[in-house]
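In case you want the letters, here they are:
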Amino acid sequence: MDIMQNPHRHTGLTVDILRDIPAPSTDAAPVQALLARCPDAAETDMLQAPRMAQDLKIAQLSVKDERGRMGLGSFKALGAAYVIAHSAIVKGEAQSAKTYVTASAGNHGLSVAAGAKAFGAASVIFLSQSVPEAFAERLIAQGATVERAGETYEQSMSAAQAAAEANGWTLLSDSSWPGYSDLSHRLMEGYTVFMAEAERQISAPTHIFLQAGVGGLAGAAAAMARKLWGDVPVIVVVEPQHAPALHGCIQAGDFVAAKGPGSAMGRLDCLEASLIALKGLAKDADVFALISEEEGQAGADYAAAHQMESTASGAAGLAALLASPAHRAALKLDANSHVLVILSEGPE
């Protein structure tokens, strides 16, 4: 694992591309109020892992278990489905004539498809060629139309944008870029819930390890953590070495697209950061860490050995903690540390 201290902590990035981009929301109350009306929106568990903590020579390891969120198998259920519910219930917009379109590596698409199905809308999900067919089948089971386009997530997103413009569909991305941030900002607002739940479930952690693809989960969680616990937690953002989207921007001090050969951590295999997430994490994160493919798989294997089955993507935060011994001093990890990680998805 390689780590980089964030030189922009507190100040953030003051670059033109971020000037008109909103910071991540830290208002969980409206999300919780809306989710309270959904019978499937129960709070997810906070697991305690004393055996892992002993292995890792820390005092406490708390694991926020998002694998069962709303029956969709990942934290992504809090995102797109929340946006669609807000449109239907809060804004009172008819959904029957709407078609939501997006690109996805799997879980975001499931949230779009499930939300659309619940409120009578249609959904079209673009997948790159690298996304397993099993995800396509799960999307179809939720009523989505699946299209294949491109070799990367970014290429499939370009196809989704083109389809939205050509057909008058609503683009519902979990990323953000110049000219597109309103819906993605609301989507990230949905992700505030799991940290609001965490505040009720545990005392303030000293460390939080957050996996990132485009950065939606990490950006929302870090912003909420700073609101709830101030500067107490050391926040570590974890990405694959083969897809250092956020890491590259922080290192360059500006938005740059990463270059990489592709990662087996499929839900984290993103080369362009969400600008909302980048704006927040540049200010809120302390450390940016890159893990190898082998370290990512070791994290998933370690989770499975402790009856917490996930994927290399879903257990990437845990993988970074597992790979941290050489960096304990730099990360301020010691025998008194209380670490929070998020198990963001179930096994494939």
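Here's a quick rundown of the structure.

The rules behind these values
Residues numbered from 1 in each chain as written. Predicted model: local features only at pLDDT ≥ 70, side-chain atom pairs only at ≥ 80, totals over all residues. Heavy atoms only, no water. Helix = DSSP H or I, 4+ residues; strand = E, 2+ residues; numbered from the N terminus. Rg over C-alpha atoms; globule rule 2.2 N^0.38 Å. Buried < 20%, exposed > 50% of the residue type's maximum accessible area, 1.4 Å probe, protein only. Contact = heavy atoms within 4.5 Å. Areas by Shrake-Rupley, 256 points an atom, 1.4 Å probe, with all protein chains shown as cover. Lys, Arg positive; Asp, Glu negative; His and termini not counted. Charge placed at Lys NZ, Arg CZ, Asp CG, Glu CD. Disulfide = S-S within 2.5 Å. Salt bridge = Lys/Arg side-chain N within 4 Å of Asp/Glu carboxyl O. Axes fitted to C-alpha atoms, helices over the stretch in contact; angles between N-to-C directions. Left-handed = near helix turned anticlockwise from the far one by under 90°. Pairing = 2+ DSSP bridges. Phe/Tyr/Trp six-rings, centres within 6.5 Å; stacked < 30°, edge-to-face > 60°. Core = buried A, V, L, I, M, F, W, Y, C linked by side-chain atoms within 4.5 Å. Arc of directions from axis to C-beta. Patch = residues over 30% accessible without salt bridge, like charges linked within 9 Å, V, L, I, M, F, W, Y side chains within 5 Å.

1. Considering the overall build of the protein
Along the backbone of the protein there are 14 helices and 11 strands. Against the 2.2 N^0.38 benchmark of 20 Å for 348 residues, the protein shows a C-alpha radius of gyration of 19 Å, consistent with a compact globule. Taken over the C-alpha atoms alone, the protein extends approximately 55 × 40 × 35 Å along its principal axes. Counting across all 348 residues of the protein, residues that qualify as buried make up 60%. In the protein, of all internal contacts separated by at least 6 residues, the share reaching a separation of at least 24 is 74%. Taken as a whole, the protein presents about 13,100 Å² of accessible surface, with 51% of it coming from carbon and sulfur. A distance of 6 Å separates the average location of the 24 positive side-chain charges in the protein from that of its 37 negative side-chain charges.

2. Concerning the state of the cysteines
Tallied over the entire structure, the rule returns zero disulfides. Distance from the sulfur of Cys270, which forms no disulfide, to the nearest cysteine sulfur (Cys249) is 12 Å. Take Cys270: its relative accessible area is 6%, and that puts it in the buried class.

3. Comments concerning the pattern of salt bridges
In the structure shown here, the tally under the stated rule is 15 salt bridges. Here Arg9 ties to Asp286 by a salt bridge, and the two come within 3.0 Å at their closest N and O atoms. With a gap of 277 residues between them, Arg9 in the loop between β1 (2–5) and α1 (29–35) and Asp286 in the loop between α11 (275–284) and β10 (287–291) connect regions that are remote in the sequence. Asp286 matches Arg9 in its accessibility class, with the two residues each being buried. Residue Arg186 is joined to Glu189 by a salt bridge in which the shortest nitrogen-to-oxygen separation is 3.5 Å. With a gap of three residues between them, Arg186 and Glu189 both fall in helix α7 (residues 182–190), about one helical turn apart. According to the relative accessible area criterion, Glu189 is buried, its value standing at 11%. Residues joined by salt bridges that share partners form a network here, namely Arg9, Arg226, Asp231 and Asp286.

4. Some remarks on the packing of helix α8 (residues 192–201) against helix α9 (residues 216–229)
Two quantities define a packed helix pair, namely the angle between the axes and the distance from one axis to the other. Where α8 meets α9, the closest approach of the two axes is 8 Å, and the angle between their N-to-C directions is 35 degrees. Crossing of α8 against α9: the hand is right-handed. Residues Thr192, Phe194, Met195, Ala196, Ala198 and Glu199 of α8 pack against Leu217, Ala220, Ala221, Met224, Ala225, Leu228 and Trp229 of α9.

5. Points about the environment of Ala42
Counting through the fold element by element, Ala42 comes out in the loop between α1 and β2 (46–48). Classification of Ala42 by relative accessible area gives exposed; the value is 52%.

6. Some words on the sheet that holds strand β5 (residues 122–127)
Here we have four strands laid out as an open sheet, ordered β6-β5-β4-β7, and parallel in their pairing. Among the strands making up the open sheet, the edge pair consists of β6 (145–148) and β7 (170–171). Contacting β4 (99–103) and β5, helix α4 (residues 107–118) crosses the sheet at an angle of about 170 degrees to β5.

7. Things to note about the pairing of β4
The buried fraction of β4 amounts to five of the five residues, a majority that puts the element mostly inside the structure. Alternating residues of β4 divide into Thr99, Val101 and Ala103 and Tyr100 and Thr102, and every residue in both groups is buried. Pairing of β4 with β5, which is carried by five bridges, proceeds in the parallel orientation. Paired with Tyr100 across the two strands is Ser123, which belongs to β5. Direction of pairing for β4 relative to β7: parallel, over a ladder of two bridges. What sits directly across from Val101, in β7, is Leu171.

8. What to know about the packing of aromatic side chains
As enumerated under the stated definition, the model contains one aromatic pair in all. Between the aromatic rings of Trp177 and Tyr180, the centroid separation amounts to 4.7 Å while the plane-to-plane angle is 20 degrees, which identifies the pairing as stacked.

9. Quick look at the nonpolar core
Leu210 and Leu281 are the most contacted members of the largest nonpolar core, which has 69 residues in total. A total of eight residues in this core trace back to one element, the largest contributor, which is α9. In this structure Leu281 touches Asn6, Gly215, Ala218, Gly219, Ala222, Val237, Leu246 and Phe288, once residues within four positions along its chain are discounted. Ranked by size, the runner-up nonpolar core spans 33 residues in total, among them Val287, Ala319, Ala323 and Leu343.

10. A look at helix α5 (residues 133–141)
Burial in α5 covers these residues: Phe135, Ala136 and Leu139. Down the axis of α5, the buried side of the element spans an arc of 100 degrees, and every buried residue falls inside it. Considering only its buried residues, α5 is in contact with α4, β5 and β6. Where α5 terminates, the next one or two residues include Gly143, which has phi positive at roughly 95 degrees.

11. Here we look at a nonpolar patch on the surface
On the surface, Ile89, Val90 and Phe119 cluster together into a nonpolar patch covering about 230 Å² of accessible area. Residue position: Val90 is located in helix α3 (residues 80–90). Residue classification places Val90 among the exposed positions, given a relative accessible area of 52%.

Read these as spatial facts, not as claims about activity.
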